[in-house]
Amino acid sequence: DQQVKQNSPSLSVQEGRISILNCDYTNSMFDYFLWYKKYPAEGPTFLISISSIKDKNEDGRFTVFLNKSAKHLSLHIVPSQPGDSAVYFCAANPSYGGSQGNLIFGKGTKLSVKP
Amino acid sequence: DTAVSQTPKYLVTQMGNDKSIKCEQNLGHDTMYWYKQDSKKFLKIMFSYNNKELIINETVPNRFSPKSPDKAHLNLHINSLELGDSAVYFCASSQPAGEQFFGPGTRLTVL
């Protein structure tokens with residue numbers, strides 16, 4: 001029973017173009033979302049986050065969009081660079097009960113940016 | 001400076017053994033976590049601990065126990081290891097409601 005879903009296991013993009021990574025969630029109680037980036041043999045590193053009171057958050061080449069009615073968020077990377085090649089995890093932070101901080105992760109999308 | 005460190009990076013052991021994985025953070029964070037990434041690549045929370053409160057994911061077998069000697073350390077002890085325990089284990093830390101910083105992971109292989 002996946003509460004956070006990343007339906008595309010992989011994505012290949014040309015350098016300089018836009019990368020769009022998608023994420024869907026099922027629990028309307030989630031109110032904070034994060035994207036993490038992971039290189040092989042390393043731990044995930046925080047990339048960008050968004051609160052449910054916003055629909056967009058931008059940080060340099062990275063923008064996250066949130067559509068609460070559709071329970072969908074996406075990460076846009078513009079322009080994509082070869083160094084962006086990694087696995088991207090979407091995560092939700094439940095705020096209810098004692099679970100705050102116990103992130104619920106999607107399965108990840110492997111992004112390959114080709115020179 | 002390493003923010004969140006784990007030892008060992010690789011651990012190979014036999015079924016039935018007891019093993020520990022150590023985690024240390026030098027960020028001054030109040031909360032630490034253990035996650036498991038299984039063969040299907042799902043990254044799932046096992047525990048979170050903030051000095052006095054331990055929150056356990058109910059699906060985690062009681063063979064797994066976190067031990068925190070102080071705020072900067074949260075070690076993971078695993079008793080009677082099983083084949084299904086083979087996975088990559090990640091430690092993380094954060095301030096309350098802050099983003100989590102992850103360690104490099106420990107790849108556990110149970111033979």
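Residues numbered from 1 in each chain as written. Chains lettered and ligands numbered in written order. Predicted model: local features only at pLDDT ≥ 70, side-chain atom pairs only at ≥ 80, totals over all residues. Heavy atoms only, no water.

Enquirer: Help me understand the interface of chain B and chain A, please; the structure alone is not making it clear to me.
Expert: Often the size quoted for an interface is simply the accessible area lost on bringing the parts together. Each partner contributes to the interface: chain B provides 18 residues, whereas chain A provides 17 residues. Around 1500 Å² of area is buried between chain B and chain A when both sides are counted, 61% of it from carbon and sulfur atoms. Seen at the junction of chain B and chain A, the total is 0 salt bridges. In this assembly, chain B and chain A are joined by 3 residue pairs in polar contact (both at pLDDT 80 or more). Contributing elements (two or more residues each) for the side of chain B that touches chain A: strand 4 (31–37) and strand 5 (43–49) of chain B. Split by residue class, the side of chain B that touches chain A holds 10 nonpolar, 4 polar and 4 charged. (Contact = heavy atoms within 4.5 Å. Buried area = accessible area lost by both parts, 1.4 Å probe. Salt bridge = Lys/Arg side-chain N within 4 Å of Asp/Glu carboxyl O. Polar contact = N/O pair within 3.5 Å; in protein donor to acceptor, adjacent residues only side chain to side chain. Helix = DSSP H or I, 4+ residues; strand = E, 2+ residues; numbered from the N terminus. Nonpolar A, V, L, I, M, F, W, Y, C, P; charged D, E, K, R; others polar.)

Enquirer: Before we go on, may I ask you to explain unusual backbone geometry in this structure?
Expert: What is expected of a backbone is that most residues other than glycine have negative phi and most peptide bonds are trans. For the peptide bond that leads from Val78(A) to Pro79(A), omega is -15 degrees, which places it in the cis range. Position of Pro79(A) among the secondary structure elements: in the loop between strand 8 (72–77) and strand 9 (86–94). Cis rather than trans, the peptide bond between Thr7(B) and Pro8(B) has omega equal to -5 degrees. Considering the arrangement of structural elements, one finds Pro8(B) in the loop between strand 1 (4–7) and strand 2 (10–13). Non-glycine residue Lys71(A) carries a positive phi angle of around 55 degrees. Along the chain, Lys71(A) falls in the loop between strand 7 (62–67) and strand 8. With a relative accessible area of 26%, Lys71(A) lands in the partly exposed category. The phi angle at Lys41(B) is positive, at roughly 75 degrees, despite the residue not being glycine. One can find Lys41(B) in the loop between strand 4 and strand 5. (Buried < 20%, exposed > 50% of the residue type's maximum accessible area, 1.4 Å probe, protein only.)

By themselves, these observations are geometric and do not establish any function.
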